[in-house]
Amino acid sequence: MAAASLQSVPQPQPGRDTEVLSEADAAGQAYFDRIIAEDSRIEPRDWMPVAYRKTLVRQVSQHAHSEIIGMQPEANWITRAPSLKRKAILMAKVQDEAGHGLYLYSAAETLGTSRDTMTQQLLEGKAKYSSIFNYPARTWADMGAIGWLVDGAAIANQVPLCRASFGPYGRAMVRICKEESFHQRQGFEILLELSHGTPAQRQMAQDAVDRFYAPALMMFGPPDEDSPNSKQSMAWNIKRFSNDELRQRFVGMIAEQVKVLGLTLPDPDLRYDEETGTWIHMDLNWDEFKAVIAGNGPCNAQRMARRREAHENGAWVREAAKAYAEKQAAKHVTIGAA
Amino acid sequence: MSEQTNIWPLWEVFVRSSRGLSHVHAGSLHAPDAAMALRNARDLYTRRNEGVSIWVVPSDAISSSDPDSKGAYFESPQGKDYRHATYYTKSEGVKHL
């Protein structure tokens, strides 16, 4: 019985489906299959198929990048928030987004890819993040629409991920979902106050909802027939519901909530279909979605430039902290030796 | 960008949620030294009164049981139901036992 270090990151293992598995890999695959069949959890040091690891590194790191880039549209509004209370709330929310990014990077790191590698991928434009953050936040009401619709869609997507088969991902999601509910409520409250304000404020709230409705629905990803990876993710118990299923569920929730706001959703086709028990919404512009993902959204260049700038401006802090730690450690050794 | 990767080591964070309870693993983070790891852990894992005390431990200082041995390492307690009170059924109905 060998004791193992926590940090000895497991190397990607040869679990290629198309080739004959070695005896150890076959045993690993059987164990993995049993855990998935029991709807139990895979932990970092367990054997796992190469494709499962790869899928998770991609999904969890994209999720982490989204949290980090997602700080920008709201951070831009901290200085312009209408009261000290709203500034404090917005700062807490932006701090949460940073925290969520770090929880997720930690979860992804347990799969054997370092945070620095993932950061490099983002900075070099090789990694994706949620398309929603490439839309501009033009008015204060957008802080409301982002909280209510964008964080709302994120919650609808993330609650089932709390049961994702990969333990560290599920645990990160539990923590994140707890914190996100404050985000959605504060956004709803901003819109509620505006919709009960002056006609101009009410118009500002409606305009924000009009602009964020369709992009928020697209956050659930392409329609099921165009989402080839979904099936495998569901077989692995990473994803629990399809994109379209989650999207229609979310539409149903906001269709009711918008009535409380006294606003409307910009969707002429929106209705509940008694026959299928699902919500029907308008067709979404998937060409726009693809264009934004490909880097051609209104703010892609700005978001990436800002992220690179922040990373470069932080370089001296990272280096100074490291130098200080080394100096302290050296001092400690000298004292110890004396 | 020629920056060295992983310039800060990884730490595991344990949080005591209230007096009388054990520290429980909350997650991990990167930090240059223990003092910074503690500060970062406070900011990252206790933003909502989740803790009254924090431990940080360098990840490479933790030894874990070998994951390859799977169930075998924990086999011995299995089949030893007599270690549990529920094994003893004849006393059912007897009060305070």
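In what follows, the structure referred to is the one given above.
A brief look at the structure comes next. (Residues numbered from 1 in each chain as written. Chains lettered and ligands numbered in written order. Predicted model: local features only at pLDDT ≥ 70, side-chain atom pairs only at ≥ 80, totals over all residues. Heavy atoms only, no water.)

### Comments concerning the overall build of chain B
Along the backbone of chain B there are one helix and four strands. Starting at the N terminus, the α and β elements of chain B follow one another as β-β-α-β-β. For chain B, restricting intrachain contacts to residue pairs at least 6 apart in sequence, the fraction spanning at least 24 positions comes to 41%. Within the structure as shown, chain B displays about 6900 Å² of accessible surface, and the carbon and sulfur contribution to it stands at 52%. (Helix = DSSP H or I, 4+ residues; strand = E, 2+ residues; numbered from the N terminus. Contact = heavy atoms within 4.5 Å. Areas by Shrake-Rupley, 256 points an atom, 1.4 Å probe, with all protein chains shown as cover.)

### Focus on the packing of helix 5 (residues 115-123) of chain A against helix 12 (residues 300-313) of chain A
Residue and element names in this part refer to chain A. The geometry of helix 5 relative to helix 12 is characterised by a closest axis approach of 10 Å and an angle of 135 degrees between their N-to-C directions. In terms of axis orientation, helix 5 runs oblique to helix 12. Across from Thr119, Gln120, Leu122 and Leu123 in helix 5, the residues of helix 12 making contact are Met304, Arg307, Arg308 and His311. (Axes fitted to C-alpha atoms, helices over the stretch in contact; angles between N-to-C directions. Parallel < 35°, antiparallel > 145°, perpendicular 65-115°, else oblique.)

### Examining a nonpolar patch on the surface
A cluster of nonpolar side chains, Tyr82, Tyr87 and Tyr88 of chain B, forms an exposed patch at the surface whose accessible area comes to about 350 Å². Its place among the elements puts Tyr82 of chain B in the segment after strand 4 (63-64). (Patch = residues over 30% accessible without salt bridge, like charges linked within 9 Å, V, L, I, M, F, W, Y side chains within 5 Å. Salt bridge = Lys/Arg side-chain N within 4 Å of Asp/Glu carboxyl O.)

### What to know about the nonpolar core
In this structure, Tyr52, Trp148 and Tyr169 of chain A together with Leu29 of chain B are the most contacted members of the largest nonpolar core, which totals 90 residues. Per-element tally for this core: the top contributor is helix 6 (residues 140-158) of chain A, with 11 residues. The residues touching Tyr169 of chain A, leaving out its near neighbours within four places in the chain, are Leu56, Gln59, Val60, His63, Leu104, Ala107, Leu161 and Ala164 of chain A. (Core = buried A, V, L, I, M, F, W, Y, C linked by side-chain atoms within 4.5 Å. Buried < 20%, exposed > 50% of the residue type's maximum accessible area, 1.4 Å probe, protein only.)

### Observations concerning the packing of aromatic side chains
Summed over all chains, the structure comprises 12 aromatic pairs over all chains. Taking the centre distance of 5.7 Å and the plane angle of 25 degrees together, the rings of Tyr103 of chain A and Tyr45 of chain B count as stacked. In this pair, Tyr103 of chain A is assigned in helix 4 (residues 84-109) and Tyr45 of chain B in helix 1 (residues 34-45), connecting two distinct chains. Looking at Tyr103 of chain A, the relative accessible area reads 4%, which means it is buried. It is Arg175 of chain A that lies over the ring of Tyr103 of chain A; its NZ or CZ is 5.4 Å from the centre. (Phe/Tyr/Trp six-rings, centres within 6.5 Å; stacked < 30°, edge-to-face > 60°. Lys NZ or Arg CZ within 6 Å of the ring centre and 35° of its normal.)

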